[in-house]
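# Architecture at a glance
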Amino acid sequence: MSKKKTPLLASKETNLKLQNNNRKNFFSTIIESKFRKYTVLLALFIAIITIFIPVSKSKVSICVEYDKQLTSVAQLFYDTGSGYMEENSFKAEVSDKKAEFIVGEDTISKINRLRLDPVAEQQDDFAIKEICVKCNGKNILVYSSGALRKYVLSVSNAVINEKNLKLTNIQDDSNIYFSENLASNLKKAVEDKIKSADLVTKMFRAIIIFCSIVVVLLFAQYIFKRNNRIKEIFRSFAEKNRL
């Protein structure tokens, strides 16, 4: 026959169990608090590191818009200090009254001056309506025909209007030479846009990474804690069945 526990003994065992449970809850609270603290610190540390990781290169293009549709190929030359050379140029087919040159972020910083060959062969009179600079598909700098005229140094194999970029008597291999000021303005606009865009991208990336790490680690803690509670329930159930 099993011995029955006296009320005093049972009371002592109950108090001990309560004390043990209180200790467990106390230490569990401390551990959970520290875990949350270190989770936030770890996520913040990783997020700050990602700010210094470079983002992908921006897509930079120079778009020339004409006043009418032409069937030709335009060519844009850039001078890095050694004159205009074929290898330092971009070609683009004139389509929908436009010719777009994909320049690239790295090339922009090398440009000192620009030369535009608006068409490759003899053409009827036409005008360049505007030239715009795009960064990732968005206009960041736009020059109208009249605003561009002050940057023109000279024109060969064509005659240019005094107030805008209307061309007449256009022969084969016509060229428009622009001043250094135009290239300087172009570079500054692109550099400023890329810096601001990079900062926004890096901050957004850091926030996403920070939030993701915190959510994943806290969710892992929740699953781990839940499994421990399930184990405790089964353990206490098994102990009661023994008695």
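Residues numbered from 1 in each chain as written. Predicted model: local features only at pLDDT ≥ 70, side-chain atom pairs only at ≥ 80, totals over all residues. Heavy atoms only, no water.

### Things to note about the overall build of the protein
Operational definition: Runs of E in the DSSP output that reach at least two residues are strands. Runs of H or I that reach at least four are helices, and both are numbered from the N terminus. Partly exposed residues are those whose accessible area sits between 20% and 50% of the maximum for their type, while under 20% is buried and over 50% is exposed, using a 1.4 Å probe and protein chains only. The contact rule is simple, with two residues in contact once any of their heavy atoms fall within 4.5 Å.
Secondary structure summary: the protein contains 4 helices and 11 strands in total. Burial status across the protein gives 31% buried among its 243 residues. Contacts in the protein between residues at least 24 apart in sequence constitute 69% of all its contacts with a sequence separation of at least 6.

### Re a nonpolar patch on the surface
Note the threshold: Patch construction takes residues with relative accessible area above 30% that form no salt bridge. Like charges are linked within 9 Å, and nonpolar side chains (Val, Leu, Ile, Met, Phe, Trp, Tyr) are linked within 5 Å. Residue-level accessible areas treat just the shown protein chains as cover; the underlying method is Shrake-Rupley with a 1.4 Å probe. Salt bridge criterion: a side-chain nitrogen from Lys or Arg within 4 Å of a carboxyl oxygen from Asp or Glu.
Taken together, the side chains of Leu44, Ile48 and Phe52 make up a nonpolar region of the molecular surface, amounting to roughly 320 Å² of accessible area. Relative to the assigned elements, phenylalanine 52 resides in the loop between helix H1 (7-51) and strand S1 (60-66). For phenylalanine 52, a relative accessible area of 66% translates into the label exposed.

### Describing the pairing of strand S7 (residues 138-144)
Short version of the rule: The criterion for strand pairing is that DSSP finds at least two bridges linking the strands in question.
Bridge analysis of strand S6 (residues 126-135) against S7 gives 6 bridges, and the strand direction is antiparallel. Directly across from lysine 134, in S7, lies its bridge partner asparagine 139. Between S6 and S7, which pair antiparallel and follow one another directly, the connecting turn spans 2 residues, one of which, asparagine 136, has a positive phi of 55°.

### A look at the pattern of salt bridges
Taken as a whole and assessed by the stated rule, the structure comprises 4 salt bridges. In this structure, the salt-bridge partner of aspartate 192 is lysine 188, at a minimum N-O distance of 2.9 Å. Within this pair, aspartate 192 and its partner lysine 188 are both found in helix H4 (residues 180-242), separated by 4 residues, close to a single helical turn. For aspartate 192, a relative accessible area of 38% puts it in the partly exposed group. Looking at lysine 188, the relative accessible area reads 52%, which means it is exposed.

### Re the packing of aromatic side chains
The condition is simple: Ring pairs shown here join Phe, Tyr and Trp side chains whose ring centres sit within 6.5 Å, with only the six-membered ring taken for Trp; geometry is labelled stacked below 30 degrees between planes, edge-to-face above 60, and tilted in between. By definition here, charges over rings are those cases where NZ of Lys or CZ of Arg is within 6 Å of the ring centre and within 35 degrees of the ring normal.
Inspection of every chain in the model, using the stated rule, returns 4 aromatic pairs. Lying over the aromatic face of phenylalanine 77, arginine 115 brings its terminal NZ or CZ to 4.0 Å of the ring centre. The side chain of arginine 115 reaches across the aromatic face of tyrosine 84, ending 5.9 Å from its centre.

### Notes on empty space enclosed by the protein
Rolled over the atoms, a probe as big as a water molecule pinpoints where empty space is left. The condition that has to hold: Space inside and on the surface of the protein is sampled on a 1 Å grid over the protein atoms alone, with a cavity defined as a set of points where a 1.4 Å probe fits but cannot get out and a pocket as an open set with protein on both sides within 12 Å along at least 5 of 7 lines; lining residues have an atom within 4 Å of a point. Grid points are joined across faces, edges and corners, and a volume is the space filled by probe spheres set on the points. Charged means Asp, Glu, Lys or Arg here, nonpolar means Ala, Val, Leu, Ile, Met, Phe, Trp, Tyr, Cys or Pro, and polar covers whatever is left, Gly included.
Applying the stated criterion across every chain yields a total of 1 cavity of 30 Å³ or more. Computed from the structure, the largest cavity encloses a volume of approximately 90 Å³. Around the largest cavity, the lining residues are Ile62, Val64, Leu76, Leu114, Leu116, Ile131, Val133, Tyr143, Phe178, Leu182 and Leu186. Within the residue set of the lining of the largest cavity, elements represented by two or more residues are S1, strand S5 (113-117), S6 and H4. Broken down by class, the residue content of the lining of the largest cavity amounts to 11 nonpolar, no polar and no charged.

### Details of the nonpolar core
Put simply, the test is: Here the nonpolar core consists of buried residues drawn from Ala, Val, Leu, Ile, Met, Phe, Trp, Tyr and Cys, with membership extended through side-chain atoms lying within 4.5 Å.
One finds Tyr66, Phe101, Leu116, Phe126, Ile128, Ile131 and Phe178 to be the most contacted residues of the largest nonpolar core, which totals 42 residues. Top contributing element to this core by residue count: H4, with 6 residues.

### What about the sheet that holds strand S2 (residues 73-79)?
Put simply, the rule is: Between the N-to-C directions of two axes lies an angle of 0 to 180 degrees, each axis being a line fitted to C-alpha atoms and, for a helix, fitted only over the stretch in contact.
Read from one edge of the open sheet, 5 strands run S3-S2-S5-S11-S8, paired in antiparallel fashion. On the outer flanks of this sheet lie strand S3 (89-93) and strand S8 (152-156), each paired with one strand and no other. Direction aside, neighbouring strands of the sheet carry axes that sit 15° apart on average. With 2 bridges joining them, S5 and strand S11 (residues 175-178) adopt antiparallel strand pairing. Counterpart to arginine 115 in the pairing with S11 is tyrosine 177.

### Quick word on the state of the cysteines
Our working definition: Only a pair of cysteine sulfur atoms within 2.5 Å counts as a disulfide in this structure description.
Summed over the entire model, instances satisfying the criterion amount to 0 disulfides. Its sulfur unpaired, cysteine 132 is 4.4 Å from the next cysteine sulfur, which belongs to cysteine 63. Cysteine 132 gets classed as buried once you look at its relative accessible area, which sits at 4%.

### Digging into the side chain of serine 174
Among the secondary structure elements, serine 174 is positioned in the loop between strand S10 (166-168) and S11. The exposure class assigned to serine 174 is buried, which follows from its relative accessible area of 1%. Apart from the residues lying within four places of it in its own chain, the contact partners of serine 174 are Leu116, Asp117, Pro118, Val119, Ser156, Asn157 and Ala158.

### As for unusual backbone geometry
Phi is positive for lysine 97, which is not a glycine, with a value near 65°. Assignment of secondary structure puts lysine 97 in the loop between S3 and strand S4 (98-102). Not every positive phi belongs to a glycine, and asparagine 169 is a case in point at roughly 50°.

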